[in-house]
There are 2 protein chains.
Amino acid sequence: MGEFDLLARVLDRLPPPSPKVHVGSGDDAAVTVPGGATVTSVDALVDGVHFRRGQASLAQIGSKALAAGLSDLAAMGADPGEAYIVLGVPIDLDEEGCLEVLDGLTELAVATGTTLAGGDVTRAPSLALAITVVGHAARPEQLVTRSGGRPGDVLVVTGELGGAAAGLLVLEELDSAAGLSADEAAALLARQLEPRPRLDAGRALARSGATAMIDISDGLGGDAAQLARASGVGVTIQASTLPVAAGVAQVAAAAGRDPLELAAGGGEDYELLAAVPADRVTEAIAAVEATAGAQLTPIGELAAAEGVEIRRPDGSLLQSAGFDQLA
Amino acid sequence: MGEFDLLARVLDRLPPPSPKVHVGSGDDAAVTVPGGATVTSVDALVDGVHFRRGQASLAQIGSKALAAGLSDLAAMGADPGEAYIVLGVPIDLDEEGCLEVLDGLTELAVATGTTLAGGDVTRAPSLALAITVVGHAARPEQLVTRSGGRPGDVLVVTGELGGAAAGLLVLEELDSAAGLSADEAAALLARQLEPRPRLDAGRALARSGATAMIDISDGLGGDAAQLARASGVGVTIQASTLPVAAGVAQVAAAAGRDPLELAAGGGEDYELLAAVPADRVTEAIAAVEATAGAQLTPIGELAAAEGVEIRRPDGSLLQSAGFDQLA
C-alpha cells in the first residue's frame, strides 16, 4: 500500500533535524542525545471523538493534533524537541488526503522548531492520530509541574478565553455567527481549528517563577481544579477579570448561551493557566508580553481551602466544586 | 466515563518508576533525566489489522503491543526505559476488559524493567494501541543501527524462526496442529501470541561488535533486505542453516506449506538479525548464550552486490529480490 511510505517521504522533505537527533526516521528507532531533562507527552485524536472530518480541513486536523501535544510541553515551560506520529488511515482517505494531514502537521512542526523524528502509518477504521511529543530543558528544576502552587499565589492566564468554544458554535450552528464581522468569525474559527501552542509564553512563565502550570484543554474550571488538586490548594477565580475573546459575547447571545460559561467552561483554548508568586506577577506580565507578544491576565488566587470557585461580577457563583466532583 | 481513569489507576499500582523518571503520569507530561543517548520508537496495533480480538486474550494483545515496541529497542542494543500507552477503547470493551489489556502490558513492563510513564485513553471505533517506547544507552556509539553492515560481515539470527507463522496457522486452521504434541502446539501459539523482546541478546550483540541489527517483525527476507539496503550491501542467506522452530515442519506439512517459507517469510518472530564481523562471531555466540540463554546462528553473509538471495539446500533460490521490489 503506497500510502504507508508516506511518512518516510514527508520526513525526507523536511529541514534537517535538530542537532539532538542522531538517527531519525527509517531505522528501528530514533536516536537522540537530549542532555538535561526530557519532557514527554502522548495524545490521541480520533475522528468522531475529538474532531469531525467534515468540520475541519485535513491539514487543520493534523496541525491541531500536534498543537495539542506541544501545548503540554508549553505548560511545562519546556523547549519543543521531537515529535513521533502514528497515523491511522481509514479506507476512504487516499494518499493525497494523508499528505494533507501530514502537511498541516509538518507546517506547525517547522514553525515551532520541532523535529519529526519517526512514526508509524497503519490502516484503521477511522482517521486517528497519536502524537508523542518530546521537549527539553537544561535542568529538571526549570520545568513547571502542576503541583507547586501555594496559597497566596496569583492565578494568571495567557491570551483570551472562550474563542475555541465560540468557534465550535459557529461551526455547528450557522445562526450563531449572525452578529459577527467576517474577520471576527474567521478569528473564532481559527481558535477552534488551528490552535497555536503557547511555547514562548510557557518558557517566559517558567523563568518568571511560575510555581504550577497547566494548559487549558478541558476548560478553565476543570483545568484550574486539576492544578489546585495537584498542588493541594484551592482556587478562587473572579469571572469579571476573565479575558474573553472578541466575538464571544455576540456568539453567546445568538446561541442563547452565557459568554462567561463559554470562557470558563469551554475547552480547547490551549492558553496557559499558571500560579505565580504575588511579588513576581508584574515581571511575568512583562516577560510574556516581551517574548510571546501575548497578554497575561491575573484572574484569581490560590487559597488554602480546597475546591474551585468561579464568582460572577455580582458575587454569585458561576462554577463551584469540590475536587471529588471533578474527577 | 470511568474507564478513562483506568490508566492512572493501573500506573498507581505499579512498582516505583526508575530513577530516570522525575515526574510520572498525572502531569501535563512526564519528566525524565535520561543522560547519554535516548532511543525512541512508536508502534500502533489495530484490531482487525494487526490482531483479532477473538484469537488472542486481551492480556496477550496488550503484552504483544509492548513487546513489538521493546523489540525495536532490542534491535538497537538499548536498555529499556519508559513506555507511554495510547489505548483506544471500543464501545463493546468494558472497564474489566481495559484492565485485562493493561495488565498484560504491565506484566511485560515489570518483567523487562520498563517504567510506564504516561498515556492517554480514548474512545475509538475498535480496540487500538499506540505504544511509544524509550530506551537508553550511555553513549550513542553503543547503539546499533541498520546501516553499519559491511561486505564480509556474517549474518546471524537469535533463537528460532517460523514459530510465529506456524502459530498463526494453528490459530486459523484447526487441522494444522494435527501432527503436534500439546506442548509443541502451545509453544507455537506462544510464539504468535506472547512474543518476548530479545533485550538481553540485543545488548550482547551490541557489545560483541554487531555492525547492523534489525528485529524480525515482517519476515526474515524482508527485514534482511531492509538491513542490507540501509547498509548499502547485499545479503546471501543459506536456507539450510536457518534455525527452524520445533513443530514448524509438522504444521507446514499439515497446511500444505513449505517450512522454509514459514521460517524465511513469516513475520512476528521478533528475533534479532544482525551483521557481525567474521572475527567476532564466536564471541557473539558465546555472549548471547551467556546473557540471554539463546542460541545465535550464522545464516549467511553480507556481500558487495546489492539485493537479497535466500538459497535452498539444493542451491535453488527460495527468495531473491532487488531492493526496488522490496519497498
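All of the points below concern the structure found in this document. (Residues numbered from 1 in each chain as written. Chains lettered and ligands numbered in written order. Predicted model: local features only at pLDDT ≥ 70, side-chain atom pairs only at ≥ 80, totals over all residues. Heavy atoms only, no water.)

## Describing the sheet that holds strand 3 (residues 37-46) of chain B
And step 1. Ordered by their spatial adjacency, six strands build an open sheet running 1(A)-2(A)-3(B)-6(B)-4(B)-5(B), and the pairing between neighbours is mixed. Since the sheet does not close on itself, it has two edges, and those belong to strand 1 (21-23) of chain A together with strand 5 (115-123) of chain B, each with one partner. Ignoring strand direction, the axes of neighbouring strands in this sheet form an average angle of 20 degrees.
And step 2. As paired elements, strand 1 of chain A and strand 2 (residues 30-32) of chain A share two bridges and run antiparallel to each other. Pairing of Val-23 of chain A across the sheet is with Val-31 of chain A, part of strand 2 of chain A. (Pairing = 2+ DSSP bridges. Helix = DSSP H or I, 4+ residues; strand = E, 2+ residues; numbered from the N terminus. Axes fitted to C-alpha atoms, helices over the stretch in contact; angles between N-to-C directions.)

## Re the interface of chain A and chain B
And step 1. Facing the 46 residues of chain A at the interface are 46 residues of chain B.
And step 2. At the boundary of chain A with chain B, total buried surface from both sides reaches about 3500 Å², with 60% on carbon and sulfur atoms.
And step 3. When the buried area of chain A at its contact with chain B is split by residue, Asp-28, Thr-40 and Val-42 of chain A rank highest and sum to 19% of it.
And step 4. Of the charged contacts, one joins Asp-27 of chain A and Arg-146 of chain B as a salt bridge, the two residues approaching to 3.9 Å between their closest N and O atoms.
And step 5. At the boundary of chain A and chain B, one finds 13 residue pairs in polar contact (both at pLDDT 80 or more).
And step 6. For the side of chain A that touches chain B, the secondary-structure elements that each account for two or more residues are strand 1, strand 2, strand 3 (37-46), strand 4 (79-89), strand 5 (115-123), strand 6 (128-137) and strand 8 (212-215) of chain A.
And step 7. If one sorts the elements of the side of chain A that touches chain B by residue count, strand 3 of chain A sits on top with nine residues.
And step 8. Sheet topology note: the strand 3 of chain A/strand 2 (residues 30-32) of chain B ladder contains three bridges and is antiparallel. If you follow Thr-40 of chain A over to strand 2 of chain B, its bridge partner there is Ala-30 of chain B. (Contact = heavy atoms within 4.5 Å. Buried area = accessible area lost by both parts, 1.4 Å probe. Salt bridge = Lys/Arg side-chain N within 4 Å of Asp/Glu carboxyl O. Polar contact = N/O pair within 3.5 Å; in protein donor to acceptor, adjacent residues only side chain to side chain.)

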